[in-house]
Amino acid sequence: MLLSRVFSAVEATAHCDLPCGVYDPAQARIEAESVKAIQQKYQGSDDEVFKQRCVLIKEQRSDLVKHHLWVLWTDYFKPPHFEKYPQLHELFNKATKQAGAAGGKGSMDPAEGQKLLDYIAEIDRIFWETKAAA
């Protein structure tokens, strides 16, 4: 009881964990561009060792795409965003699955990499709309 009088709780609210400038879909886009570029290089090579390296590096980049998308999904976007953009949860779900086994990691087809970039472009568009409204 004495401690509660000495240390009173102060409620603080913020839109983000840190100032909003730390969030940007560009991080996911850059890694997704790497995924697609690696898929293209893979298609243009006959060197099996090179192709194995392509698969390994592409999977690492795909994981980074998912990481950057999850950070945006869980840390930047808040309930008011999901109310205004009801497609946002599904869009993130599709994008992260595209970066994972259903897309970028599971395929060496650059068209799958482009699908990932298209999802990220839509997330990017919504992100910048929310930033402009803030």
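Just so it is clear, the model here is predicted, and its values are computed rather than measured.

**Points about the packing of helix α5 (residues 88-99) against helix α6 (residues 110-133)**
Part 1 of the reasoning: Viewed as axis vectors pointing N to C, α5 and α6 meet at an angle of 150 degrees, and their least axial separation amounts to 9 Å. In terms of axis orientation, α5 runs roughly antiparallel to α6. Along this stretch, α5 crosses α6, giving a crossing that reads as left-handed. Touching L88, L91, F92, K94, A95, Q98 and A99 of α5 are E112, K115, L116, Y119, E122, I123 and I126, all from α6.
Part 2 of the reasoning: For the contact of α5 with α6, a count of residues per class yields nine nonpolar, one polar and four charged.

**Thoughts on the nonpolar core**
Part 1 of the reasoning: Counting residues in hydrophobic clusters, the biggest one holds 21 residues, and the most contacted among them are L69, L72, F77, L88 and I123.
Part 2 of the reasoning: Secondary structure elements with two or more residues in this core: α2 (26-43), α3 (48-76), α5 and α6.
Part 3 of the reasoning: Looking at this core, the element that brings in the most residues is α6, giving six residues.
Part 4 of the reasoning: When neighbours within four sequence positions are excluded, I123 is seen to be in contact with L69, L72, F77, L91, F92 and A95.

**So, α5**
Part 1 of the reasoning: Here α5 contains 12 residues, and its C-alpha end-to-end distance of 16 Å stays within 8% of the 16 Å for a straight helix at 1.5 Å per residue.
Part 2 of the reasoning: Buried residues of α5: L88, L91, F92, A95, T96, Q98 and A99, and no others. Buried residues of α5, viewed axially, fall in a sector of 155 degrees; they line one side.
Part 3 of the reasoning: Contacts from the buried residues of α5 go to α3, α4 (79-84) and α6.

What counts and what doesn't
- Residues numbered from 1 in each chain as written.
- Predicted model: local features only at pLDDT ≥ 70, side-chain atom pairs only at ≥ 80, totals over all residues.
- Heavy atoms only, no water.
- Axes fitted to C-alpha atoms, helices over the stretch in contact; angles between N-to-C directions.
- Helix = DSSP H or I, 4+ residues; strand = E, 2+ residues; numbered from the N terminus.
- Parallel < 35°, antiparallel > 145°, perpendicular 65-115°, else oblique.
- Left-handed = near helix turned anticlockwise from the far one by under 90°.
- Contact = heavy atoms within 4.5 Å.
- Nonpolar A, V, L, I, M, F, W, Y, C, P; charged D, E, K, R; others polar.
- Core = buried A, V, L, I, M, F, W, Y, C linked by side-chain atoms within 4.5 Å.
- Buried < 20%, exposed > 50% of the residue type's maximum accessible area, 1.4 Å probe, protein only.
- Expected span 1.5 Å × (residues − 1).
- Arc of directions from axis to C-beta.

Any functional reading would require information that these geometric values do not contain.
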